[in-house]
Structure formats: structure tokens, C-alpha cells
Amino acid sequence: MKTIEYETLPTKEECAGSLKNILDALYVLNGKWKIPLILTLIQSPKRFNEIQKEISGISPKVLANELKDLELNDFIKRNVYPTTPVSIIYEATDYSRTLKSVMRELSVWGEQHREKIKESMRK
């Protein structure tokens, strides 16, 4: 992992503002399902059952609640089509795509962390 040497420390106000921003982000993206759901729907729009098949381990009740939360926060859009029976398709919004760099960094960090843990287990 990289460390930055000789960087000036942030002020107390900068730390407080940064902490507030991080807490806001974590509040919206909390839990283990929201980011995987966003990633799944960024790939392509899907029906409820397609999402459930793609994300193993999520119960229908939890999936329904997570989709409602994501829709409320404008990460996904729920499209209802007047077919028989009614078709409901969930899709990622442009706003959800603003998380692309965040998800990339989480992926890189997750891989580094996994390797770190593997190395420590070998010792």
C-alpha cells in the first residue's frame, strides 16, 4: 500500500467536514447489498427475479427494501410497464454512475486487503 510522506495534516475543521461527508455517504450506501445492487443494475436493467438470481443470498424482503431505499435516493429507477401481467424493470440512474470511481477504489482496496490477510495467515 502507498503512504504519503511529508503531507501536511488537515485542520480540525477539514477533518470535521470530511467526517460529515463520509458519514453521509455511508448512511446512504450502508449495508452489504446496496453497492452490489447498483453494480448489477449499471450492467443492465433487470426485473426483480433477475436481480435476486444474480445476487445470491439476498432474501426477497431485503431486496424489496433495498430497492426502495435506492429508488428513494435516486440511484435506481423503477419502470412499470402496463403489460399483462404488469412488468417492472429496475435500472441504474445517471446519478448512480457517479459512484464509478468510488466503486473502483473500493475494489482495489478490497483486493489489497484480501492479499494482506492471506499474507498474514501464511506467517
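Described below are features of the structure shown in this document. (Residues numbered from 1 in each chain as written. Predicted model: local features only at pLDDT ≥ 70, side-chain atom pairs only at ≥ 80, totals over all residues. Heavy atoms only, no water.)

## Observations regarding helix α4 (residues 60–72)
- In this model α4 runs 18 Å from its N-terminal to its C-terminal C-alpha over 13 residues, within 8% of the 18 Å that 1.5 Å per residue would give.
- Along α4, the residues classified as buried are L63, E66, L67 and L70. Buried positions in α4, seen along its axis, are confined to an arc of 100° and lie on one side of it. Set apart from the buried face of α4 by more than 90 degrees, the exposed residues are K61, K68 and L72.
- Buried residues belonging to α4 abut α2 (34–43), α3 (48–54), β1 (76–81) and β2 (87–92).
- D74 sits one or two positions beyond α4 and adopts a positive phi of about 65°. (Helix = DSSP H or I, 4+ residues; strand = E, 2+ residues; numbered from the N terminus. Expected span 1.5 Å × (residues − 1). Buried < 20%, exposed > 50% of the residue type's maximum accessible area, 1.4 Å probe, protein only. Arc of directions from axis to C-beta. Contact = heavy atoms within 4.5 Å.)

## Remarks on the packing of aromatic side chains
- One pass over the full model with this rule turns up one aromatic pair.
- Centre to centre, the rings of F75 and Y95 are 5.1 Å apart; their planes meet at 20°, and the pair counts as stacked. Placement of the pair is F75 in the loop between α4 and β1 and Y95 in the loop between β2 and α5 (100–122), with a sequence separation of 20 residues.
- Overall, Y95 belongs to the partly exposed group, its relative accessible area being 43%. (Phe/Tyr/Trp six-rings, centres within 6.5 Å; stacked < 30°, edge-to-face > 60°.)

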